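Here is what each chain is made of, one letter per residue.
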Amino acid sequence: MLLHFTKMHGLGNDFMVVDLITQRARLRDEQIRALADRRFGIGFDQLLVVEPPRDPDMDFRYRIYNADGSEVENCGNGARCFARFVRDQRLTHKREIRVETAGGPLTLAVGEDERVTVDMGAPRFAPEALPFEADEDRPLHALDVDGRALEVGVVSMGNPHAVLRVDDVDSAPVATLGPAIEHHPRFPRRVNAGFMQVVSPHEIRLRVYERGSGETLACGTGACAAVATGIRLGWLESPVTVHLPGGDLEIAWAGGASHLTMTGPAVRVFEGRVPVK
Ligand SMILES: N[C@H](CCC[C@H](N)C(=O)O)C(=O)O
């Protein structure tokens with residue numbers, strides 16, 4: 001069959017978006033990996049799938065697959081593109097869209113300017129929420145990575161994040177330390193690794209080495225995780241502008257159990273059809 005898809009991005013974090021409400025297809029891990037290939041396939045950081053909700057209070061089910069084929073709990077940049085996609089495809093006319101994900105419910109609000117604000121829920125710092133092997137919750141955890149004694153914040157935004165503060169993101173060893181953190185044995189389901197440079201209490205620079213996809217130009221949940229960690233540690237104050245290689249996100253969080261919000265763009269690049277068996 002020919003599967004219709006839309007190629008989209010959020011600040012250069014790019015996605016293949018597929019509607020499995022009006023189409024029927026089952027994509028196996030190896031097919032997702034092949035479609036993610038930037039030479040032999042379509043090329044993307046994540047595949048985003050639109051399905052009918054299982055919970056009647058939700059508008060859609062939002063499923064996310066990394067380039068390596070692994071299904072994951074959340075994708076923030078993808079959530080903004082998901083909202084734009086379901087409206088462009090006339091699957092809804094709502095401007096406030098409730099979606100269920102493996103990491104919990106999200107509310108997507110499409111502004112008049114087509115920027116999207118996502119209610120990302122409350123950050124969860126408890127190690128078991130990631131999961132991360134530690135004897136207790138603390139703002140910073142000592143982590144030995146290839147003989148280097150690091151201190152990382154750990155936080156779940158539905159998906160797991162480790163956040164490392166650095167003096168300069170440009171010179172941070174993302175290509176080597178990123179995979180070493182991603183595969184660290186204390187993260188049984190691996191982890192996304194964020195490298196955060198604090199510019200001011202309301203501004204950071206951030207690079208993210210993503211679980212299952214490598215370094216991306218932007219990571220929405222990574223931006224949320226970095227800001228939550230910085231606010232918890234008193235380095236940052238809400239709202240925070242996050243400068244990622246692909247552009248800027250606005251994150252707001254009042255602390256505690258309050259919900260964190262993320263605002264940014266969602267761009268449609270092209271539509272296509274791809275043969276799948
Ligand atoms: N790019 C996504 C994060 C994908 C997370 C995925 N790499 C994982 O394994 O959790 C974002 O904008 O939040």
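Residue positions are counted from 1 within each chain, in the order its sequence is given. Owing to the predicted nature of the model, reporting of local features is limited to residues with pLDDT of at least 70; listing and counting of side-chain atom pairs is limited to 80 or more, with chain, interface and lining totals taken over all residues. Note that water and hydrogens are dropped before the side-chain values are worked out from all heavy atoms of the structure.

Looking at an unreviewed UniProt entry, the protein chain carries the name Diaminopimelate epimerase, with the source organism given as Halomonas koreensis. UniProt positions are given in the numbering used here, feature names are shortened, and annotations may be inferred rather than shown by experiment. Regarding the protein chain, the UniProt comment filed under Sequence similarities (unreviewed entry) reads as follows: "Belongs to the diaminopimelate epimerase family." Listed in UniProt under the heading Subunit (unreviewed entry), the comment for the protein chain reads: "Homodimer."

*Asks:* Would you take a moment to explain the side chain of Q46 for this structure?
*Replies:* Here a helix means four or more residues in a row that DSSP labels H or I, a strand means two or more in a row labelled E, and each is numbered from the N terminus. Here Q46 is to be found in strand 3 (residues 46–51). Of note is the side chain of Q46, whose polar atom sits 3.3 Å from the side chain of N13. Residues adjacent in sequence count toward polar contacts only when both atoms are side-chain atoms; beyond that, a polar contact is any pair of N or O atoms within 3.5 Å, and within protein one must be able to donate a hydrogen and the other to accept it. A distance of 3.4 Å separates the side chain of Q46 from the side chain of S213, its partner in a polar contact. Apart from residues lying up to four places away in sequence, Q46 is in contact with N13, D14, F15, M16, I64, Y65, N66, C75, E210 and S213. When checking whether two residues touch, look at their non-hydrogen atoms; a contact exists if any pair is within 4.5 Å.

*Asks:* Can you help me understand the site of the ligand in this one?
*Replies:* Lining the immediate environment of the ligand, one finds 15 residues, of which N13, G76, R211, G220 and T221 sit closest. The side chain of E210 places a nitrogen or oxygen atom 2.7 Å from a nitrogen atom of the ligand. Within the contact set of the ligand, an oxygen atom lies 2.6 Å away from a backbone nitrogen or oxygen of G220. Here the accessible surface of atoms and residues is derived via Shrake-Rupley with a 1.4 Å probe, and residues count as covered only by protein chains that are part of the display. Starting from 360 Å² of accessible surface for the ligand in isolation, the protein chains cover 100%. For the shell around the ligand, the secondary-structure elements that each account for two or more residues are helix 2 (76–88) and helix 4 (220–232). Residue polarity follows a fixed list, in which Ala, Val, Leu, Ile, Met, Phe, Trp, Tyr, Cys and Pro are nonpolar, Asp, Glu, Lys and Arg are charged, and the others, Gly among them, are polar. Grouping the amino acids of the shell around the ligand by side-chain chemistry returns 3 nonpolar, 10 polar and 2 charged. Here a residue is considered near a molecule or strand provided that any single heavy atom belonging to it is located within 4 Å of it.

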